[in-house]
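# Close look at the chain arrangement
Given next are the chains, with one letter for each unit.
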Amino acid sequence: MTVDTEKFRLRAFLEAMAEDGEVEVVDEQTPLSTIAARLEGNTHATWFHKAGPEGQELAGNVMGSRRRLAKSLGVPEPELLSEVTTRLRAPKEPVEIDAAQAPVQTVVLRDGDADLTTLPVHLQHGEDGAPYISATLDFSLDHRTGHTNVGMRRLMLRGRQDAGIDLNAPSDLRVMYANSLECGTQLPIAFAVGFHPADAIAALSMTSPMNELALIGAVRNEPVPVVKCVTNNLRVPADAEYIIEGYIDAEGWNQPEGPYGEYVGYYGRLKQNPIFHLTAITHREDAVFQTATIGGRNMATTDTAQLCALRSEQAIWMSLENAVREPVSVYCPPATGGMYNARISINQRMPGEARNAIAAALSSTADTKHVF
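Residues numbered from 1 in each chain as written. Predicted model: local features only at pLDDT ≥ 70, side-chain atom pairs only at ≥ 80, totals over all residues. Heavy atoms only, no water.

## Details of the pairing of strand S7 (residues 137-142)
When a strand is regular, its side chains alternate between the sheet's two faces. To be explicit about the condition: Only protein chains enter the accessibility calculation, which uses a 1.4 Å probe. A residue is then buried if its area is under 20% of the maximum for its type, exposed if over 50%, and partly exposed in between. Helix and strand labels come from DSSP, where a helix needs a run of H or I of at least four residues and a strand needs a run of E of at least two; each type is numbered from the N terminus. A pair of strands is treated as paired once DSSP finds two or more bridges between them.
Counted residue by residue, S7 has five buried out of six residues, so it is predominantly covered. In this sheet, strand S11 (residues 187-193) lies alongside S7 in antiparallel orientation, the contact comprising three bridges. The residue bridging Phe-139 from the neighbouring strand is Ala-190, located in S11. One ladder, built from five bridges, connects S7 with strand S8 (residues 147-151); its direction is antiparallel.

Following this line, the structure appears as structure tokens:
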């Protein structure tokens with residue numbers, strides 16, 4: 001079977017969006033200390049060709065508009081929610097390929113050669129506890145079900161091969177880690193950095209337990225090519241830009257992580273979290289690193305607010321389908337973080353359906369607090 005490992009790579013999406021005027025390209029050398037200010041409130045994605053002292057490629061705010069999310073799926077903006085909902089109902093199992101066919105393993109750095117501080121990681125908010133790798137998809141294996149779990153969470157740099165990881169609740173990964181602690185074992189994990197927006201949409205979508213690589217395939221509308229990691233048995237997207245491999249140690253929630261400028265626009269407190277230990281970094285020859293915009297004064301133009309808004313809308317819509325006869329539209333304003341406020345339109349067929357719609361939204365898997 002021939003597998004296209006270029007169709008859903010980040011670089012291809014950036015090139016297409018640059019032609020559409022959606023990407024600001026920065027050719028000059030850009031210090032990492034100025035990246036956050038350049039991204040703050042920017043309605044465009046930004047592609048730095050020479051970021052940091054090594055002059056690496058770095059893309060930010062790629063998913064910071066609903067228009068770009070719609071373009072990533074090839075649909076008009078008004079059809080984004082319905083398209084995502086339709087695709088999520090048709091999972092597509094991944095296709096495994098050999099390492100020799102996997103672009104993300106063109107360059108392999110392991111043991112002492114793998115170093116988190118060589119990546120173009122920048123301080124995102126002035127009071128953050130450290131620079132963070134903010135745009136990641138994490139892959140782990142649930143040994144109870146045999147399913148690959150996919151999520152999105154940040155890594156706080158602590159050194160060349162150590163990072164803090166926020167195992168927030170509720171999350172499947174937190175449960176999996178708690179189970180590994182009961183056995184006194186480490187939890188292997190891998191992070192993709194530099195991924196297509198379709199993959200992020202899938203990672204944030206709530207669903208019943210399943211192989212979530214198949215959920216990425218659903219949103220892509222074709223199977224994901226995966227490859228075995230070089231230092232563990234996890235399968236990860238072979239068409240990513242970077243893969244960061246390692247494990248979460250078995251010491252528990254015992255190290256400080258944070259504070260961090262959160263997606264709702266204020267700082268999260270200093271937490272106690274586990275430590276991630278690096279075992280390998282693999283990447284494409286011409287890899288593009290990725291950073292996500294989170295919080296700040298202009299939340300509506302951030303990656304997290306746009307993704308959270310779409311995820312919340314999708315969760316509410318699926319709940320509405322069983323609660324009212326004719327739901328029309330759902331909108332979650334990204335300016336408020338995309339999660340807590342929902343506006344619903346229905347064609348009311350009988351008295352009381354508006355109340356049903358409100359109850360459905362509040363009981364859905366969206367973290368809704370206010371329904372209009």
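## With respect to the sheet that holds strand S2 (residues 45-51)
Note: strands within a sheet are paired through backbone hydrogen bonds, in either parallel or antiparallel orientation. In plain terms, the rule: In this analysis an axis means a line fitted to C-alpha atoms, helices contributing only their contacting stretch, and an angle means the value between N-to-C directions, from 0 to 180 degrees.
An order of S1-S2-S3-S20 is seen for the four strands of this open sheet, with the pairing classed as mixed. Either end of the sheet is taken by a strand with one partner, and the two such strands are strand S1 (23-26) and strand S20 (289-291). Averaged over all adjacent pairs, the angle separating strand axes in this sheet is 20°, with direction ignored. Where S2 lies against strand S3 (residues 56-60), four bridges are found, and the strand directions are antiparallel.

## Focus: the pattern of salt bridges
We apply this condition: Throughout this description, the term salt bridge denotes a Lys or Arg side-chain nitrogen within 4 Å of a carboxyl oxygen of Asp or Glu.
Tallied over the entire structure, the rule returns 28 salt bridges. With its nearest N and O atoms 2.3 Å apart, the salt bridge here joins Arg-67 to Glu-22. Residue Arg-67 is located in helix H3 (residues 66-73), and its partner Glu-22 is located in the loop between helix H1 (10-19) and S1; the two are separated by 45 residues in the primary sequence. Given a relative accessible area of 38%, Arg-67 falls into the partly exposed group. A salt bridge links Arg-38 to Glu-24; the shortest N-O distance between them is 3.0 Å. Taken together, the positions of Arg-38 in helix H2 (residues 35-39) and Glu-24 in strand S1 put the pair 14 residues apart, joining distant regions of the chain. In this structure Arg-38 comes out as partly exposed when scored by relative accessible area, which is 32%. Its relative accessible area of 25% is what places Glu-24 among the partly exposed residues. If you follow the salt bridges from partner to partner, you end up with Glu-6, Arg-9, Arg-11, Glu-57, Glu-241, Arg-284 and Asp-286 in one network.

## Let's talk about helix H7 (residues 212-220)
Counting buried residues in H7 gives nine out of nine residues, a clear majority hidden from the surface. Where H7 terminates, the next one or two residues include Asn-221, which has phi positive at roughly 75°.

## Let's talk about the nonpolar core
Note on soluble globular proteins: their nonpolar side chains tend to be buried together. Cut-off, in case you're wondering: The definition of a nonpolar core used throughout is a set of buried Ala, Val, Leu, Ile, Met, Phe, Trp, Tyr and Cys residues joined through side-chain atoms within 4.5 Å. The criterion used for residue contact is that any of the two residues' heavy atoms lie within 4.5 Å.
Among the nonpolar cores identified, the biggest contains 73 residues, and Leu-14, Leu-73, Phe-139, Ile-201, Ile-316 and Leu-320 are the most heavily contacted of them. Among the elements that take part in this core, helix H8 (residues 303-320) stands out by supplying seven residues, more than any other. In contact with Leu-320, other than residues within four places in its own chain, are Pro-327, Val-330, Ile-344, Ala-357 and Ala-360. Ile-133, Leu-167, Val-193 and Ile-244 belong to the second-largest nonpolar core, a separate cluster that totals 32 residues.

## Re H8
The test is simple: One less than the number of residues in a helix, times 1.5 Å, gives the span that helix is expected to have.
With 18 residues, H8 extends 26 Å between its outermost C-alpha atoms, agreeing within 8% with the 26 Å of an ideal straight helix rising 1.5 Å per residue. Most of H8 sits out of view: 17 of its 18 residues are buried.

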